[in-house]
Amino acid sequence: MTEPSAFDAVVVGAGPAGSAAALALARAGRSVVMVERGPFAGSKNVYGGVVYGRVLDDIIPTWWNEVPVERWVVRRSTMMMTEDQSLAIDYRSHAWGVAPYNGMTTVRSHFDSWLAGQATEAGAQLVTSTVATGLVRDSAGRVIGIRTDRDGAELRAPVVIACDGVNSLLAKEAGLLPRAEASHYTLGVKEVLDLPAEAINERFGVRGHEGVDIEILGCTRGIPGGGFLYTNAETVSVGVVVSLPHLAEAKVRPEELIADLKAHPSIAPYLRGSHLREYAAHLVPEGGYDTMPTLAADGMMVAGDAAAMTLAAGLWLEGVNFAIGSGYAAGRAADRAIAVGDCSARGLASYRADLENQFVLADHKRLRKAPALVLSERVQQRYPGLLCDLAEGMFTVTNPTPKAGGLRVTRAAAAKHGVKLRELAVDTIRGMRIFG
Amino acid sequence: MSEPGSVNETTGAADGSLPLGGDTTPTGALRWRGISFEERMAGVDFRVGARAHITVDSDVCRSCTTRGCVTACPANLFAPTSDGGILFNYEECFECGTCYMVCNSEGAITWTYPDGGHGVVFHHG
Ligand SMILES: Cc1cc2nc3c(=O)[nH]c(=O)nc-3n(C[C@H](O)[C@H](O)[C@H](O)COP(=O)(O)OP(=O)(O)OC[C@H]3O[C@@H](n4cnc5c(N)ncnc54)[C@H](O)[C@@H]3O)c2cc1C
Ligand code: SF4
Ligand code: SF4
């Protein structure tokens, strides 16, 4: 034994993963301190975004009565576009607009502060404006705490939970994620634009607290990625998410891609007269299951984006729910390990087992091949145009020339975009295998 | 004319827009469809710390052929110098990590977080 531990557990980061971990530990009666480098929870965090609240049902019953929500998403649209065309699948649900809801737009400075508040109310301690600068280890190499930038003060505990986000310097220091590969990461840039609530309601066809989520493919000049447009109460969020190495190679500035999207004939009418309030940027770990680090070491666990747990598979960009699910599971695993006095990697192994039995690793495992397909050249550069031309071929009235049959239209569209029908069939089957 | 940075009412395009490509003002500032980079960053809350949390070794950059950081950094903080190096200013940084991820030259970038409570504060993240 070295110096006695002041806490049962130290959690680094007060994002959704960290707050969920601290909440689980505090509820179990453990003394837990959360260290956050920003001046308040959420101050360093950026997402699209929509939070899918189902993960909260078991943790905070009727959370929807107290969560700081902007709008409840009742309309979700997946749009494919070329420079001057677009084709969308537009789903609308009345059920999504009433409790228990499906997804909500919310702002991270509000949402993360709320969730951190749940943890502190349960007894966790939150220390803000403090950076965890490194791990403290014992002579056997076991993690026994962290160093901070508060005059180098150390915080010691038998278990440290690294919820320090996508750049996780702690996971790297621990050797759990030896070297991050740029191709597994995307850069997200976002503009939040002021728009009066009435304008949002009229343009997006909603009322009251109803909101809309539009995901867009084909708007990034061929750089693998996608775009998004979300409605908040009195602002809209518009942005793009693009592959890091491809962005650097293309020599395109990220804000140019947002400007493209804002000027697109299918998007511009939504944004008329809006005004930039805040511009922001953040990375997304998109590699999925195959790129996750080892989740536990002696005295340490990794959760949320620090463990690459964002599910980014074209149709989905979900990270907050995965962070909450993994953080809570890590907190519970820590409690069990502390109870039996074994915080070694073996003692913490129930964390991974728990994640495999719930959506966090089950979804990731099932969709492990999805990131590669969604970011593939054909899906990114050819299919949006192909599908738009297909729609154009079917819907353009050509009198007096008779209508072309579906197969002829498909053949013509595929040929124009350099796609063989065989490739189309292969990708369809591949897509059905991955997503089906 | 509406204010700079707003979206044009009739065309839907941003004011002063070009169909494609950026524009450089006489002073050389990067403008993008009516909104200058300075205007873009003006709405972001930065609590600048005394310590440069990121440093760039310009000597290493001189032999770099890719220069991915120059265009990819969302805060546009990497400025090429006439002698082939890089001039870097840490003050208005999003702390995103793009630069060290796209840089392939060992030792060019030393990347840490700003001291606690300093750096960018997002209010609408
Ligand atoms: C552009 C974009 C769009 C997205 N859209 C969505 C969406 O619509 N829906 C969705 O569910 N997800 C979305 N995501 C993903 C989501 O934002 C993340 O998955 C989620 O924030 C992960 O939570 P986390 O707690 O693991 O990490 P984070 O939210 O990143 O929190 C990490 C925390 O740790 C703190 N920290 C880091 N290092 C230290 C240190 N050394 N010392 C002290 N504190 C530290 C940080 O300040 C931060 O508060 C999006 C992400 C991006 C970038
Ligand atoms: S920081 Fe890296 S990518 Fe940028 S110029 Fe220097 S060596 Fe090249
Ligand atoms: S961390 Fe991001 S914003 Fe800061 S210098 Fe690097 S790329 Fe630019």
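Cut-offs used in this document
Residues numbered from 1 in each chain as written. Chains lettered and ligands numbered in written order. Predicted model: local features only at pLDDT ≥ 70, side-chain atom pairs only at ≥ 80, totals over all residues. Heavy atoms only, no water. Helix = DSSP H or I, 4+ residues; strand = E, 2+ residues; numbered from the N terminus. Rg over C-alpha atoms; globule rule 2.2 N^0.38 Å. Buried < 20%, exposed > 50% of the residue type's maximum accessible area, 1.4 Å probe, protein only. Contact = heavy atoms within 4.5 Å. Areas by Shrake-Rupley, 256 points an atom, 1.4 Å probe, with all protein chains shown as cover. Lys, Arg positive; Asp, Glu negative; His and termini not counted. Charge placed at Lys NZ, Arg CZ, Asp CG, Glu CD. Near = heavy atom within 4 Å. Nonpolar A, V, L, I, M, F, W, Y, C, P; charged D, E, K, R; others polar. Polar contact = N/O pair within 3.5 Å; in protein donor to acceptor, adjacent residues only side chain to side chain. Domains from an automatic or database assignment. Pairing = 2+ DSSP bridges. Axes fitted to C-alpha atoms, helices over the stretch in contact; angles between N-to-C directions. Salt bridge = Lys/Arg side-chain N within 4 Å of Asp/Glu carboxyl O. Buried area = accessible area lost by both parts, 1.4 Å probe. Core = buried A, V, L, I, M, F, W, Y, C linked by side-chain atoms within 4.5 Å.

## Examining the overall build of chain A
Here is step 1: Across its full length, chain A holds 14 helices and 20 strands.
Here is step 2: Taking 22 Å as the expected radius of gyration for a compact globule of 436 residues, we find that chain A reaches 23 Å, a close match to that expectation.
Here is step 3: On the principal axes, the C-alpha backbone points of chain A span a range of 90 × 45 × 40 Å.
Here is step 4: Counting across all 436 residues of chain A, residues that qualify as buried make up 60%.
Here is step 5: Partitioning the intrachain contacts of chain A with sequence separation of at least 6 by distance along the chain shows that 71% fall at a separation of at least 24.
Here is step 6: For chain A, the computed accessible surface area is about 17000 Å², with 53% contributed by carbon and sulfur atoms.
Here is step 7: Taking the average place of the 44 positive charges on the side chains of chain A and the average place of its 47 negative ones, the gap between the two points comes to 6 Å.

## Considering the site of ligand 3
Here is step 1: Residues in close proximity to ligand 3 total 15 residues, the closest being C73, C93, F94, C96 and C99 of chain B.
Here is step 2: Considering only residue class, the shell around ligand 3 consists of 12 nonpolar, 2 polar and 1 charged.

## Looking at the site of ligand 1
Here is step 1: The full set close to ligand 1 counts 37 residues, and E36, V50, R108, A132 and D305 of chain A are the nearest of them.
Here is step 2: Neighbouring residues of ligand 1 are distributed over chains A and B.
Here is step 3: Interatomic distance of 2.9 Å between a backbone N/O atom of A17 of chain A and an oxygen atom of ligand 1.
Here is step 4: Those elements that place two or more of their residues in the shell around ligand 1 are α1 (16–27), β16 (275–285), β20 (317–318) and α8 (320–340) of chain A.
Here is step 5: Per-class residue counts for the shell around ligand 1 are 17 nonpolar, 13 polar and 7 charged.
Here is step 6: For the shell around ligand 1, the two domains that each supply at least three residues are domain 1 (5–42 + 108–178 + 293–367) and domain 2 (71–105 + 181–290) of chain A.

## Points about the sheet that holds strand β18 (residues 300–302) of chain A
Residue and element names in this part refer to chain A.
Here is step 1: Read across the open sheet, the 6 strands follow the order β7-β2-β1-β11-β18-β17; overall the sheet is mixed. Only two strands of the sheet have a single neighbouring strand rather than two, namely β7 (125–127) and β17 (296–297).
Here is step 2: Taken together, the 4 bridges between strand β1 (residues 9–12) and strand β2 (residues 32–35) define a ladder with parallel strand orientation. Within the sheet, the bridge partner assigned to V11 lies in β2 and is M34.
Here is step 3: Relative to the sheet, α8 contacts β11 (159–162) and β18, its axis offset from that of β11 by approximately 170 degrees.

## Brief notes about the interface of chain B and chain A
Here is step 1: Contacts between the two partners involve 51 residues from chain B and, on the opposite side, 56 residues from chain A.
Here is step 2: Linking chain B to chain A there are 3 salt bridges.
Here is step 3: Of the charged contacts, one joins R40 of chain B and E191 of chain A as a salt bridge, the two residues approaching to 2.8 Å between their closest N and O atoms.
Here is step 4: Here chain B and chain A share 24 residue pairs in polar contact (both at pLDDT 80 or more) between them.
Here is step 5: Elements that contribute at least two residues to the side of chain B that touches chain A include exactly β2 (30–32), α1 (37–42), α3 (68–72), α4 (98–102) and β9 (119–121) of chain B.

## Brief notes about the domain arrangement of chain A
All names here are of chain A.
Here is step 1: Entries for chain A in the domain assignment read domain 1 (5–42 + 108–178 + 293–367), domain 2 (71–105 + 181–290) and domain 3 (376–435).
Here is step 2: Taken over C-alpha atoms, the centre of domain 2 sits 25 Å from the centre of domain 3.
Here is step 3: Taking both partners together, domain 2 and domain 3 bury about 820 Å²; carbon and sulfur atoms supply 67% of that area.
Here is step 4: Area buried by domain 2 at its contact with domain 3 is led by M80, Q85 and L87, which between them contribute 49% of it.
Here is step 5: Linking domain 2 with domain 3 are 0 salt bridges.
Here is step 6: At the boundary of domain 2 and domain 3, one finds 4 residue pairs in polar contact (both at pLDDT 80 or more).
Here is step 7: Elements represented by at least two residues in the side of domain 2 that touches domain 3 include exactly β4 (71–81) and β5 (86–92).

## Considerations on the sheet that holds strand β9 (residues 143–148) of chain A
All names here are of chain A.
Here is step 1: Ordered in space as β8-β9-β10, the 3 strands form an open sheet in which the pairing is antiparallel. Of all strands in the sheet, those with a lone pairing partner are β8 (132–137) and β10 (154–156), marking the two edges. When strand polarity is set aside, the average angle formed by the axes of neighbouring strands in this sheet is 25 degrees.
Here is step 2: As defined by bridge partners, β9 adjoins β10 across 3 bridges and the pair is classed as antiparallel. Directly across from G145, in β10, lies its bridge partner R156.

## Some thoughts on the pairing of β16 of chain A
Residue and element names in this part refer to chain A.
Here is step 1: Taking burial as the measure, the 11 residues of β16 include 9 buried ones, the bulk of the element.
Here is step 2: As paired strands, strand β12 (residues 185–194) and β16 are joined by 10 bridges and run antiparallel to one another. In the strand pairing of β16, L187 is matched with L283.

## Focus on the nonpolar core
Here is step 1: Core analysis: the largest hydrophobic core is formed by 168 residues, its most contacted members being I161, M301 and Y351 of chain A together with F78 and F94 of chain B.
Here is step 2: Looking at which element gives the most residues to this core, the answer is α8 of chain A, with 11 residues.
Here is step 3: Non-local contacts of Y351 of chain A, meaning those with residues more than four positions away in its chain, are made with L295, M301, V302, A303, M309, S326, A329, A330 and A333 of chain A.
Here is step 4: Counting 7 residues, the second-largest nonpolar core is a separate cluster that includes V50, V73, F228 and Y230 of chain A.

## Focus: the side chain of T291 of chain A
All names here are of chain A.
Here is step 1: Along the chain, T291 falls in the loop between β16 and β17.
Here is step 2: Among the polar contacts listed, one links the side chain of T291 to the backbone oxygen of G288, at a separation of 2.9 Å.
Here is step 3: Dropping the residues within four chain positions of it, T291 is found in contact with L177, H184 and A308.

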